[in-house]
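Read off the chains here:
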Amino acid sequence: QVQLVESGGGLVQAGGSLRLSCAASGGTFSTYTMAWFRQAPGKEREFVSGITWSGNTDYVESVKGRFTISVDNAKDTEYLQMNDLKPEDTAVYYCAVDTARRRLVVRAPIVYDYWGQGTQVTVSS
């Protein structure tokens, strides 16, 4: 059974940085796509970033140049380095795993098989 546990959220001022971590267990993560989504109050869950087993990445336009996704395969851990945070980045952030061996990242939440419990990120102005 795949389990995902996020950490690293918190309260930060605008312009600050946070690094989210997602520790995975119970699967062969070197062959999966791992991604980050977020959901703000009253809004739908939104794709933020993803990385395939081969290292292809994708970012939503609003975070390009500010966020960086990475994976440490030795630790089965996914990271999201978030710099220059803005109040509109405030949301619960979820990590997710797509177990299909895809060439490119898929943004649709429906293809992701496993989800973490979420970690709150709050950016004050």
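For clarity, every value in this text was computed on a predicted model and none was experimentally measured.

Rules used in this analysis
- Residues numbered from 1 in each chain as written.
- Predicted model: local features only at pLDDT ≥ 70, side-chain atom pairs only at ≥ 80, totals over all residues.
- Heavy atoms only, no water.
- Phe/Tyr/Trp six-rings, centres within 6.5 Å; stacked < 30°, edge-to-face > 60°.
- Helix = DSSP H or I, 4+ residues; strand = E, 2+ residues; numbered from the N terminus.
- Buried < 20%, exposed > 50% of the residue type's maximum accessible area, 1.4 Å probe, protein only.
- 1 Å grid on protein atoms, 1.4 Å probe; cavity = no way out; pocket = protein on both sides within 12 Å on 5 of 7 lines; lining within 4 Å.
- Points joined across faces, edges and corners; volume = space filled by probe spheres on them.
- Nonpolar A, V, L, I, M, F, W, Y, C, P; charged D, E, K, R; others polar.
- Pairing = 2+ DSSP bridges.
- Axes fitted to C-alpha atoms, helices over the stretch in contact; angles between N-to-C directions.
- Salt bridge = Lys/Arg side-chain N within 4 Å of Asp/Glu carboxyl O.

Asks: For the packing of aromatic side chains, give the residues involved together with the corresponding values.
Replies: This structure, assessed with the given rule, holds 5 aromatic pairs. Between Phe37 and Phe47, the aromatic rings sit 5.6 Å apart at their centres with planes inclined by 80 degrees, giving edge-to-face as the arrangement. One end of the pair, Phe37, is in strand S4 (residues 33–39); the other, Phe47, is in strand S5 (residues 46–51), with 10 residues separating them in the sequence. Phe47 carries the same exposure label as Phe37, and that label is buried. When the centroid spacing of 5.2 Å and the interplanar angle of 75 degrees are considered together, the rings of Phe37 and Tyr112 count as edge-to-face. Taken together, the residues Phe37 in strand S4 and Tyr112 in the loop between strand S9 (91–98) and strand S10 (114–115) connect sequence positions 75 residues apart.

Asks: Mind laying out the layout of surface pockets, listing which residues take part and the relevant values?
Replies: Approximately 150 Å³ is the volume found for the largest pocket. Along its surface, the largest pocket is lined by Arg38, Gln39, Ala40, Lys43, Glu44, Glu46, Glu88, Thr90 and Ala91. By residue class, the composition of the lining of the largest pocket is 2 nonpolar, 2 polar and 5 charged.

Asks: How would you explain the sheet that holds strand S8 (residues 77–82) if you had to name every residue and give the values?
Replies: Strand order in the open sheet formed by 4 strands is S1-S3-S8-S7, and the pairing between neighbours is antiparallel. Where the open sheet ends on each side, the last strands, each with one partner, are strand S1 (3–7) and strand S7 (67–72). Taking each pair of neighbouring strands and ignoring which way they run, the sheet shows an average axis angle of 15 degrees. Relative to strand S3 (residues 18–25), S1 runs antiparallel, the two being bridged by 5 bridges. If you follow Leu4 over to S3, its bridge partner there is Ala24.

Asks: Tell me about the pattern of salt bridges, residues and numbers included.
Replies: Applying the stated criterion across every chain yields a total of 7 salt bridges. Asp98 is the partner of Arg102 in a salt bridge, and the nearest nitrogen-oxygen pair spans 2.5 Å. Looking at Arg102, the relative accessible area reads 27%, which means it is partly exposed. Through salt bridges with shared partners, one network takes in Arg38, Glu46, Arg66 and Asp89.

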